[in-house]
Amino acid sequence: MAAVEKMQSPSPSKRTATLSVGDKNVSFPIYDGVEGPSVIDISKLYGETGFFTYDPGFMSTASCDSKITFIDGDKGILRYRGYDIDALAEKCDFLEVAYLLLNGELPNKKDKQSFDRTVTLHTMIHEQLHFLFRGFPRASHPMAIMVGAAASLSAFYHDSLDINVAGERELAAYRLIAKMPTLAAMAYKYSVGMPFIYPQNDMSFAENFLHMMFATPCEKYKVNPVLAKAMDKILILHADHEQNASTSTVRMAGSSGANPFACIGAGIASLWGPAHGGANEAVINMLKEIGDVSKIPDFIKKVKDKQSGIKLMGFGHRVYKNYDPRATVLRKTCQEVLAELGKIDEPLLKMAVELERIALSDEYFVERKLYPNVDFYSGIIYRAMGIPSKMFTVLFAVARTVGWVAQWKEMMEDPKTKIGRPRQLFTGSAPRAFVPLEKR
Ligand code: ACO
């Protein structure tokens, strides 16, 4: 891989921010990014004033500086290393984008060939790992298997665990990106009681994944190019998304010096939640629960009733208060896949279209800027392809592994990196006398 641009300290702008605490005025440097909001560096706040900041959910907190991904949620912009996501999804393949995220530049032909070849040569997993899979009940959620399987790679690859050696970090990156689709397809095959299918080196990343999912030892699987292209696009669109919950989890785990395989296991755990990567599965479950287009108005009523606790899954986003640019790409891909498979009239898909229509015109959603997010369409595409809903978040993890690894490497190569250790506002019991067991 090409050398990554060295991380430097952000340079302070001429502006400062002043905070008055009691009779003290304290100034803090302001740093300007290339785009997006500037930040106030409050790292010396505690030392100067004895106060911490308080920001549950990181609503106003930048946890790091990064050169990888830029999002402007109000304008609906997502860029990897300066390139608009729609251009990358249209014109690149997934490994080209993986190279870009990791190295900062798009590869030339020679670099691409060499990168593709190296990833391809790492797609197999150690045979011993088959026994790990066999230890799980067949009904396990594949994300449960993935959390364990990804982290367990650290038990097999001792030559890529030294996070202080650039070559070992790079080898771990290749291994993770290459082996995740193999592990994901194995999790699926295991859940349906079918033999594992080995990777094929003459296939692209997306083709190989579909092959490992759907081929059987007794039946050749011919990869449909429309589906392979759609899969490639979905992978690109999910590859990175700045400092989201799972990426922040990977960074936090890595900040202690944990090995990259364990960190990615932590990222997968975080991604599993329905407010994050689990939403695409939740979209299909929601559509099944609604059951019929005629029941949609009643469902929307429940969503708008705060007492019900029901949310319209696949809508809304912490950062995008406009159309999610990934959803724009996938909306079109969704139509292409459905047309190719002759599934335009599928009832669940008809319901999805109707929900989208209502939500985009209903005052509740318009006022709150709740637009369809990437998960709304990815779930529909996966379902049309025959991928079971339990695998949706697993696919998200396969794609996001590239972003996690790029962000982890960036952090490890940043001399400013410190162990992540937030503080708290203590609201528990004041000091009190211990009461012995017999007197309680
Ligand atoms: N359905 C109904 N109402 C919603 C929804 C929704 N999907 N999302 C937000 N709202 C409402 C909230 O109830 C709140 O209303 P209020 O102002 O009257 O109290 C308002 O919109 C603002 O929402 P917040 O919860 O403050 O937004 P936040 O940024 O915290 O949440 C989140 C973002 C978690 C994504 C939320 O929109 C949600 O739960 N959506 C459904 C799950 C989903 O699709 N997640 C995938 C995210 S994309 C990804 O991870 C790739």
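Scroll up for the structure.
My aim in this report is to walk through the structure given alongside it, one point at a time. In this text, all values refer to a predicted model and were calculated from it rather than measured experimentally.

Examining unusual backbone geometry
Excluding glycine, residues mostly carry a negative phi; peptide bonds, for their part, are mostly trans. Not every positive phi belongs to a glycine, and Phe58 is a case in point at roughly 55°. Position of Phe58 relative to the elements: it lies in the loop between α1 (45-49) and β4 (69-72). The exposed category is assigned to Phe58, whose relative accessible area is 55%.

A few points about the nonpolar core
With 118 residues, the main nonpolar core has Met231 and Leu312 as its most contacted residues. Those residues within four positions of Leu312 in sequence are excluded, and the remaining contacts are Met286, Phe299, Ile300, Val303, Leu355, Ala359 and Phe365.

Topic: the pattern of salt bridges
On inspection of all chains with the given rule, the structure shows 19 salt bridges. The shortest N-O distance in the salt bridge between Glu413 and Lys409 comes to 3.7 Å. Its relative accessible area of 19% is what places Glu413 among the buried residues. For Lys409, a relative accessible area of 6% corresponds to the buried category. Between Asp414 and Lys416 there is a salt bridge, with its nearest N and O atoms 3.0 Å apart. Given the relative accessible area of 10%, Asp414 is considered buried. Each of Glu35, Arg79 and Asp84 takes part in salt bridges that share partners, so that together they form one network.

Topic: the side chain of Asn244
Its location among the elements puts Asn244 in the loop between α9 (225-237) and α10 (245-255). Of note is the side chain of Asn244, whose polar atom sits 3.0 Å from the side chain of Thr247. Reaching out from Asn244, the side chain makes a polar contact with the side chain of His276 at a distance of 3.4 Å. Non-local contacts of Asn244, meaning those with residues more than four positions away in its chain, are made with His276 and Arg400.

Some details on empty space enclosed by the protein
Summed over the entire model, instances satisfying the criterion amount to four cavities of 30 Å³ or more. Computed from the structure, the largest cavity encloses a volume of approximately 60 Å³. Here the lining of the largest cavity is built from residues that sort into seven nonpolar, two polar and no charged.

Notes on the layout of surface pockets
Approximately 210 Å³ is the volume attributed to the second largest pocket. In terms of lining residues, the second largest pocket is bounded by 13 residues, among which Cys334, Gln335, Leu338, Leu349 and Val353 are the most central. Put simply, the parts of the chain that give the lining of the second largest pocket at least two residues each are α14 (325-341), α15 (347-361) and α17 (374-385). It is α15 that contributes the most residues to the lining of the second largest pocket, five residues altogether. Within the lining of the second largest pocket, the residues separate by chemical class into nine nonpolar, one polar and three charged.

Some remarks on the sheet that holds strand β3 (residues 39-40)
Pairing is antiparallel in the open sheet, where three strands are placed in the order β1-β2-β3. Two strands close off the open sheet at either side, each with one partner strand: β1 (12-21) and β3. Note that β1 and strand β2 (residues 24-31) share seven bridges and pair antiparallel. Note that in β2 the partner of Thr18 across the bridge is Ser27.

A word on the site of the ligand
Around the ligand sit 21 residues, and of these Lys306, Leu312, Gly314, Arg318 and Tyr364 come closest. Residue Leu312 places a main-chain N or O atom 2.8 Å away from a nitrogen atom belonging to the ligand. Side-chain polar atom of Arg368 to an oxygen atom of the ligand: 3.0 Å apart, as the coordinates give it. In isolation the ligand exposes 920 Å². Once the protein is present, 74% of that is buried.

A few points about the environment of Pro195
Secondary-structure assignment places Pro195 in the loop between α7 (166-191) and α8 (205-214). Each C-alpha atom of the pair Pro195 and Pro436 lies 59 Å from the other, and the pair is 241 residues apart in sequence. What Pro195 contacts, discounting residues up to four positions off in sequence, is Lys189 and Pro217.

Details of helix α3 (residues 94-103)
Across the 10 residues that make up α3, a large majority, 10, are buried. Measuring from the side-chain oxygen of the N-cap residue of α3 to the backbone nitrogen of Leu95 gives 3.2 Å; that N-cap residue is Asp93.

Some thoughts on the environment of His122
Mapped onto the secondary structure, His122 falls in the loop between α4 (109-120) and α5 (129-134). Judged by relative accessible area, which is 18%, His122 ranks as buried. Through-space distance from the C-alpha of His122 to that of Pro199 is 9.8 Å; in sequence the pair is 77 residues apart. When sequence neighbours within four positions are dropped, the list of residues in contact with His122 reads Leu171, Tyr174, Arg175, Ala178 and Lys179.

What counts as what
- Residues numbered from 1 in each chain as written.
- Predicted model: local features only at pLDDT ≥ 70, side-chain atom pairs only at ≥ 80, totals over all residues.
- Heavy atoms only, no water.
- Helix = DSSP H or I, 4+ residues; strand = E, 2+ residues; numbered from the N terminus.
- Buried < 20%, exposed > 50% of the residue type's maximum accessible area, 1.4 Å probe, protein only.
- Core = buried A, V, L, I, M, F, W, Y, C linked by side-chain atoms within 4.5 Å.
- Contact = heavy atoms within 4.5 Å.
- Salt bridge = Lys/Arg side-chain N within 4 Å of Asp/Glu carboxyl O.
- Polar contact = N/O pair within 3.5 Å; in protein donor to acceptor, adjacent residues only side chain to side chain.
- 1 Å grid on protein atoms, 1.4 Å probe; cavity = no way out; pocket = protein on both sides within 12 Å on 5 of 7 lines; lining within 4 Å.
- Points joined across faces, edges and corners; volume = space filled by probe spheres on them.
- Nonpolar A, V, L, I, M, F, W, Y, C, P; charged D, E, K, R; others polar.
- Pairing = 2+ DSSP bridges.
- Near = heavy atom within 4 Å.
- Areas by Shrake-Rupley, 256 points an atom, 1.4 Å probe, with all protein chains shown as cover.

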